[in-house]
Every structure is written in C-alpha cells, then in structure tokens.
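Results of the structural survey
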Amino acid sequence: MIFRISLFIVLCSFFACQKNEQPSPSAKNDSGSVVVKFDNRFGSTKLLLDGTEYQNAAGENLFISRFDYYISNIKLQRTDGSFYTVLQDSSYFLVREDQLASQRVTLRKVPLGEYKGISFTIGIDSLRSTMPLAQRTGVLDPGTTAADMYWTWNSGYIFVKMEGSSPAIAADPNTGKRNFWFHIGGFGGYNQRSINNLRQVNLNVSDGTLTVSKGQTRASSFHLIVNAAKMMEGVQKVSLAKNPVVMFNSFSSTLADNYAAGMFSLSHVENY
Amino acid sequence: MWKIISPAMNHLGCLMVLSFLFFACSREDGEKALFNSPGHFPPTSYDFSQNPLTPAGFALGKKLFYDPILSRDGTISCNSCHQQASAFAHAQHDLSHGVDDKLGRRNAPTLQNLAWRTSLGWDGGVPHLDLFPFDPITNPVEMDEKMPNVLAKLQVHSQYPTLFEKAFGSKTISTANLMKALSQFQLMLVSAGSRYDRYLKGQESALNVDEKSGLLLFQQKCAACHAGPLQTDHSFRHNGLHPLGKDPGRFSVTLDSLDYLRFKVPTLRNIAQSGPYMHDGRLKTLAEVIEHYRNGATMHKRVDPLLKGGIAISKTEKNQIIAFLRSLSDDGFLKNPRFLE
C-alpha cells in the first residue's frame, strides 16, 4: 500500500514537474545541455590540496587540505535579459576539490538559444533545507553524500567548507597542530530568525554568448574560476591567526560576504 | 469480498479498485489503533501524512532504538541513555557517557509525547523528529559514528533489509526510511494515563486533597511556562541557574544574545521518575528544584522576568506541589510491555 501511494505520488510529482518546466520544450530537439566547469584556484595558480603553500591577503602562509561548496538554483540569462531557470529538483550541486568529476556540472534540457550569463546561489536555500528527508537525496542526503556538509545539532547544510593549516596560527596545546576550519552555513533559521549566509552570484559573459543549438556534438560550457583566496579578502581581510575557527557564529557572515564578492568569476565560454 | 470477484478480465479493473479501497481502509484502521491522540491533548505538531505509522515501521524503529549497531563500536544504543523506567531519560545520571566513556554536556531528556514537540534538544537546534537521530549518532561524546557507516552496516545485516522492505517497501535502506522508522517508535511513546489525566477527564477522586491543592498552586506559580496538559509552552528561557560550563544554550542555535543561557521548558510528565533535573542534571530531587525556584536571591542576573525575585512558595505549598508533580507519573507508560526491547 505504501508503495502504491508512493508510486502515485511519484507519478503525480513527475507530471507536476513536467508541467513546471519552463519554457517547456515540446520535443527533445528543442533543448540541449550546458556544462558548467568550476576551476578552483588560489590567486592566479591552480588550487592544490595539502602540499602547496599559499599566502593570503593578510600576509599569512597557509596550506589548504579541503575546499568544498554547494551551488544551487541555477539560472541562465538569455541575450534578451530573460532567464531560464533550471528545474529546481535538478539544481543542487556539491563541488569538491578532491573530486574532479564534481567540478564539471551538466545542466540538461536547456532550451535552445543564446545565453549571456549565469546566476546561482552559494549554499542550499531555506525551502530545500527544511524539506522532508525523502526530498533531500543525492548530494543533499545528510546520511550519505552530505554527511560531512551537514550540522546535525543545528539542522542545516554547510554551504562552504575550507580547512587547512597555517604557521601563523598558534599551536593547539593538546595536538601541536596549527589548523583552521571555515564551515560556513546558515539559511536564516527554522522557527526563529538566525544568520543567513546564503549568497547570490550573477556572472556575465564579457565577450560573446553561449550557444545551445540543435545537433551539438558536445555541450557548450561556462568556465568559472573559483578563487579560494577570496574567502579571506573579498570584502574584508581575514587573519587565520585571529580566526582559525569560523563555523556557526556571527563572524561567518563576513566570510560569506567575502565569497560572494568575487570568489566566482566567469572566465570564458566554449561553444560547440 | 474476494469471493464475489469473477476471474474474468473485465473485472480486473474492479478488483484493483476494490483491493485499493480494501487496503486503504485497513491501513487507516491500523493507524488509528497505533496512534491515538488523547482527547485532552492539543493537536499534534508531527506531520503523520509524511510518515504514516505501521506495525512494521514501529517494530523496526523499536529494534533500531535498542540496537547498539548505530554506534561506532557497537556499545551504545539509544536505549543506553533513554530508558523506559525513567520515561526514556537516564536514571541517576546527571550527564551520560558515550563511546570510549566520553561524557556529554547535557542531561538526557525524557522521550514521551514527541508528536507534540515543536523542536528537539535542550536548545531546540533540531526542528523535526526525523532529523534528530543524526545528532546522537554522530556526536563524538555519544555514539560517535558516521551516518554512511550506519547505513552500510544495516544494509549488510542479516535482518534489517527485510525489515525495511516490510516497513517501507524497499530492501535498500535510505536515510529517510531509517529516520522514519526511528520516529515511528518514538512517536508511539505517548504518556497520557497518569492520575492527573484521569482527573482532567473528570474523575474527581483521581487526585487526593494535597494533590489538588498542589495542582492549584502549580497553576498559579508554574503554569505560565509549564503550560497546558504537556506542562510546556515549548519556549526557551533562562531559569536562573548559574552556568557551570561553557554551554550557551539556545544562543548557539539563533546567535541572538537574548537567547544566551536559555534552555527549553521541559514537559513534567513522569517527572518523579526522570531525575536528576535541569539541562545539566545538577539537581537531584524535586525538592531541590522547588527550592531553586523559591530562592530568587541566588538566581543568575539574566533570569527570565517571570522568575525574578523567586517564586513565593511556603514549606506546605512546596510539599503539595511535589505531591501534584508525582501524580503526573504514568505507570501504564513506564511499564508498557509494547515499548520493551
């Protein structure tokens, strides 16, 4: 019985989704795919985990051991200024520096046309964050893929996670380690207002447009550069020595403002 | 019902409709028999439509609740710190030990009437019962396990895949179904059969003279926060205790300075069995608790306005209030064999 009901719900939601798709391509041929590539860097060089030493704007040397972030609610802007909104259920992505495949995101069923920009949310919107678990699968499943991107004690996703070490940080008296942890999240609170670190990014192609056309052998792609250094300098310089642990606290909004201000940039598009 | 159906193909549609209705009805009945909202309780907060209770789901949830497989080293189950005889709190423990004997920082609360809760945890950091088990399972001072490991262990277990199939129609164990099963057991933990309940339902003799006096005093002096038949308004308040450690309470969830050192107003059902008391279990007896609320002079300066200066309670009144609190004990719940392992 439960199966029947769920089948019914699945069918309903299937048809509901079909209806919601906008603008609905009447046939397969009226749409194509778009790839979004995330090229993680530190300053002008390719980001490498662990072995490579970088320097932040505060003049501190550091190593990065981890850099993961959520991208959601993607919209593509047409040349006439209107937007195509990617189907909500297919618009959540977890990009991880240590997983190459995650840095290449494919958007399917994009209507044919010319696009000049892309916008998205850094993090997971409040609506999705509060949905029943059955609607939070895949990269949003707190029991599997999202287990290390989720706060269990204060239910919600970690939007951006950067971890590493710096000789500038005072050694932990117990372990001798000089680690830092940036775990930035907070969608505004469930039943009482709390911090909101959701940030919106809008990027435009400086030169030309991205084309989705019939019979493309490969999907056209947006190439995004993600400069991890901006976490510590976008709006306000952040010292690792002074702030080695930034998790669910008010200072986390400074880091959110930083990553919203220029961490993501659009390098170029490739058309096929 | 089945006999009237002819095997002819043109009756197949009819059969499907009938069987649909049949199963729909039988499940409705099963649900009613499983979860009964007591007439004198407010409406439930839990959305049962997202997780309809079934005997198979309840049985699975109970097995999981008592199974230390949820912990990293197989030593700690939910039941380790939530025991039926104390309304699923941890008897005689101010704080509880988890894996590797690590000590928690808050008192294990009772698990009862959870369908009426608007948030979980002393700081209310978890808004939904289905989301709560993530916390004790992954907390390093409780079960210290990783969720993907839990799912993997259950998936290769000799019984669980079949039990999940019975409950949810699939042998593949999903996060959502694991949490739904645990909720199904916990939602059934309804305590509504105390002498106080019988009194509320009109049985005058259910409370003696002292207990009735205690009830009146409780209504005058305690029920502003411990409101209604569940003795809680679900709010977070500073009850005047001086902090012993670095626990900021509700502040850690809202980052609102007004919430600093605020904790949830707990239900008082089965309170005589569920000591020690307060968010850190620092008070051993109900007498100590009443004494704390009487003595405004020793209360922290950020205390809730309703408690400023203390509550005027005489020695006699104190005993009467305690007598009333003891009438909130529900033996039918504390000893219900249905909830036993």
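Structure first, text after, so check above.
Here goes a summary of the coordinates provided.

About the criteria used
- Residues numbered from 1 in each chain as written.
- Chains lettered and ligands numbered in written order.
- Predicted model: local features only at pLDDT ≥ 70, side-chain atom pairs only at ≥ 80, totals over all residues.
- Heavy atoms only, no water.
- Helix = DSSP H or I, 4+ residues; strand = E, 2+ residues; numbered from the N terminus.
- Buried < 20%, exposed > 50% of the residue type's maximum accessible area, 1.4 Å probe, protein only.
- Contact = heavy atoms within 4.5 Å.
- Axes fitted to C-alpha atoms, helices over the stretch in contact; angles between N-to-C directions.
- Parallel < 35°, antiparallel > 145°, perpendicular 65-115°, else oblique.
- Nonpolar A, V, L, I, M, F, W, Y, C, P; charged D, E, K, R; others polar.
- Buried area = accessible area lost by both parts, 1.4 Å probe.
- Salt bridge = Lys/Arg side-chain N within 4 Å of Asp/Glu carboxyl O.
- Polar contact = N/O pair within 3.5 Å; in protein donor to acceptor, adjacent residues only side chain to side chain.
- Left-handed = near helix turned anticlockwise from the far one by under 90°.

Check the secondary structure of chain A and you find 3 helices and 16 strands. The buried share among the 272 residues of chain A stands at 47%. The contacts in chain A between residues at least 6 apart in sequence include a share of 72% that link residues at least 24 apart.

The next subject is unusual backbone geometry. Residue and element names in this part refer to chain B. Of note, the bond from G275 into P276 is cis; its omega dihedral lies within 30 degrees of zero at 0°. For D144, which is not glycine, the phi dihedral falls at a positive 50°. When you line up the elements, D144 lands in the loop between α4 (134–138) and α5 (147–155). Among the residues examined, D144 registers a relative accessible area of 18% and is labelled buried.

Moving on, we come to the packing of helix α9 (residues 209–221) of chain B against helix α12 (residues 315–326) of chain B. Residue and element names in this part refer to chain B. Between α9 and α12, the shortest axis-to-axis distance is 7 Å and the interhelical angle comes to 100°. With respect to each other, α9 and α12 are oriented roughly perpendicular. Every residue of α12 that contacts α9 at D210, E211, S213, G214, L215, L217, F218 and K221 is listed here: E317, Q320, I321, A323, F324 and L325. For the contact of α9 with α12, a count of residues per class yields 7 nonpolar, 3 polar and 4 charged.

Contacts between chain B and chain A engage 31 residues on the former and 27 residues on the latter. Surface buried jointly by chain B and chain A totals about 2400 Å² across both partners, of which 62% is contributed by carbon and sulfur atoms. The largest share of the area that chain B buries against chain A comes from B:L131, B:F134 and B:L255, three residues that together contribute 20% of it. Applying the counting criterion to the chain B and chain A interface returns 0 salt bridges. Joining chain B to chain A, the criterion identifies 8 residue pairs in polar contact (both at pLDDT 80 or more). Taken together, the elements giving at least two residues each to the side of chain B that touches chain A come down to α1 (12–34), α4, α5, α7 (175–187) and α10 (251–254) of chain B. The element that contributes the greatest number of residues to the side of chain B that touches chain A is α1(B), accounting for 5 residues. Residue composition of the side of chain B that touches chain A, by class: 15 nonpolar, 10 polar and 6 charged.

With that out of the way, let us pick up the environment of B:R237. Residue and element names in this part refer to chain B. Secondary-structure assignment places R237 in strand β1 (residues 236–237). Excluding residues within four positions of it along the chain, R237 makes contact with A224, C225, L261, R262, F263, V265, D304 and L306. Of the polar contacts made by the side chain of R237, one reaches the side chain of D233; its length is 2.7 Å. Here the side chain of R237 touches D304 through a polar contact of 3.3 Å, side chain to side chain.

Moving on to the packing of helix α11 (residues 286–294) of chain B against α12(B). Residue and element names in this part refer to chain B. Between α11 and α12, the shortest axis-to-axis distance is 10 Å and the interhelical angle comes to 130°. Regarding the angle of α11 to α12, the classification is oblique. Here α11 and α12 pass one another in a crossing that is right-handed. Between α11 and α12, the contacting residues are L286, A287, I290, E291 and R294 on the first element and K315, K318, I321, I322 and L325 on the second.

To continue, consider the environment of B:H40. Residue and element names in this part refer to chain B. Secondary-structure assignment places H40 in the loop between α1 and α2 (55–65). As a C-alpha pair, H40 and G228 span 188 residues in sequence and 9.7 Å in three-dimensional space. Leave out the neighbours within four places in its chain, and H40 touches A192, D197, L200, K201, P229 and R269. At a separation of 2.6 Å, a polar atom in the side chain of H40 contacts the side chain of D197.

No statement about biological role is implied by the geometric values presented.
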